[in-house]
Amino acid sequence: MSSAIYPGSFDPITYGHIDILRRAKKLFSRLLIAIVANPNKAPLFSVSERVGITKETLAEVKICGVEVISYDGLLIECAKVNGVDAIVRGLRANSDFDYEFQMALTNRDLDSEIETVFFMTAGKYSFLSSSIVKEVKHYGGEVSSFVPKTVEDALARKFESLE
Ligand code: PNS
């Protein structure tokens, strides 16, 4: 097994995602970040903005060789089209488990050749989510320990444009 897709909303990418990415990169020779165009929750950033911010962030944190793509529709179709062996997901807390379990079993039912592989969060990021980052920044709080500068700046510009 050597290739994997790391899917999500990435609205925006955080240090929690980056930690999972660095660890997944050690196990998979080919790794793609797949950004869903239309997540369940209304995104703050458009899909092209999320792709751009994610690419710029990878350059900032010096992660090379990870492709960034977007998809609209079923994740499993995106995984198949891109010929990967596995889907990577991060697990933070118990509260993630039900949804992740349901998603992994559904995806396995849709294609039993593609495994879902879970990475346990680093303890220091177990509380971190894109939603929390957006909320803190929205109310003028400090987010530099949660996201790289690229993301911090993109959030500042976005909230300014919405005022
Ligand atoms: O980062 P998120 O928002 O938790 O990611 C969830 C995501 C995008 C991976 C999931 O909602 C997804 O894959 N959506 C695409 C539609 C799909 O395949 N749904 C069935 C999954 S069981």
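Each remark here, short or long, concerns the structure printed above.
The structure presented is a predicted model; accordingly, all values stated were derived computationally and were not measured. (Residues numbered from 1 in each chain as written. Predicted model: local features only at pLDDT ≥ 70, side-chain atom pairs only at ≥ 80, totals over all residues. Heavy atoms only, no water.)

Would you mind going over the site of the ligand with me for this structure?
The immediate surroundings of the ligand are formed by Gly8, Ser9, Val36, Lys41, Tyr71, Gly73, Leu74, Leu75, Arg89, Tyr99, Met103 and Thr106. Measuring from an oxygen atom of the ligand, one finds a side-chain N or O atom of Arg89 at 3.1 Å. The separation between an oxygen atom of the ligand and a polar side-chain atom of Tyr99 is 3.0 Å. Protein contact buries 77% of the 550 Å² of open area that the ligand shows by itself. With three residues, helix 4 (residues 94-110) is the largest single contributor of residues to the shell around the ligand. (Near = heavy atom within 4 Å. Polar contact = N/O pair within 3.5 Å; in protein donor to acceptor, adjacent residues only side chain to side chain. Areas by Shrake-Rupley, 256 points an atom, 1.4 Å probe, with all protein chains shown as cover. Helix = DSSP H or I, 4+ residues; strand = E, 2+ residues; numbered from the N terminus.)

In this structure, what is going on with the pairing of strand 3 (residues 66-71)? I would like to understand it.
Successive residues of a regular strand alternate their side chains across the two faces of the sheet. Pairing of strand 2 (residues 30-36) with strand 3 involves six bridges; the strand directions are parallel. When the bridges of strand 3 are listed, Ile35 appears paired with Ser70. For the crossover that starts at strand 2, traverses helix 2 (residues 47-60) and ends in the parallel strand 3, the hand is right-handed. (Pairing = 2+ DSSP bridges. Right-handed = clockwise from strand over helix to strand, strands pointing away.)

What's the story with the pairing of strand 5 (residues 115-120) in this structure? I'm lost.
In this structure, strand 4 (residues 86-91) lies alongside strand 5, joined through six bridges in parallel fashion. Across the sheet, Ile87 pairs through a bridge with Thr116, a residue of strand 5. Handedness of the crossover joining strand 4 and strand 5 through helix 4: right-handed.

Can you help me understand the nonpolar core in this one?
Generally speaking, nonpolar side chains in soluble globular proteins are found buried as a group. One finds Leu21, Ile33 and Val88 to be the most contacted residues of the largest nonpolar core, which totals 35 residues. Of all the elements in the fold, those that place two or more residues in this core are strand 1 (3-8), helix 1 (15-27), strand 2, helix 2, strand 3, strand 4 and helix 6 (149-162). Once residues lying within four places of it in the same chain are set aside, the contact partners of Leu21 are Tyr6, Leu31, Ile33, Leu58, Ile63 and Val66. One finds Ile69, Leu75, Ile87 and Ile114 within the second-largest nonpolar core, a separate group that totals 13 residues. (Core = buried A, V, L, I, M, F, W, Y, C linked by side-chain atoms within 4.5 Å. Buried < 20%, exposed > 50% of the residue type's maximum accessible area, 1.4 Å probe, protein only. Contact = heavy atoms within 4.5 Å.)

By themselves, these observations are geometric and do not establish any function.
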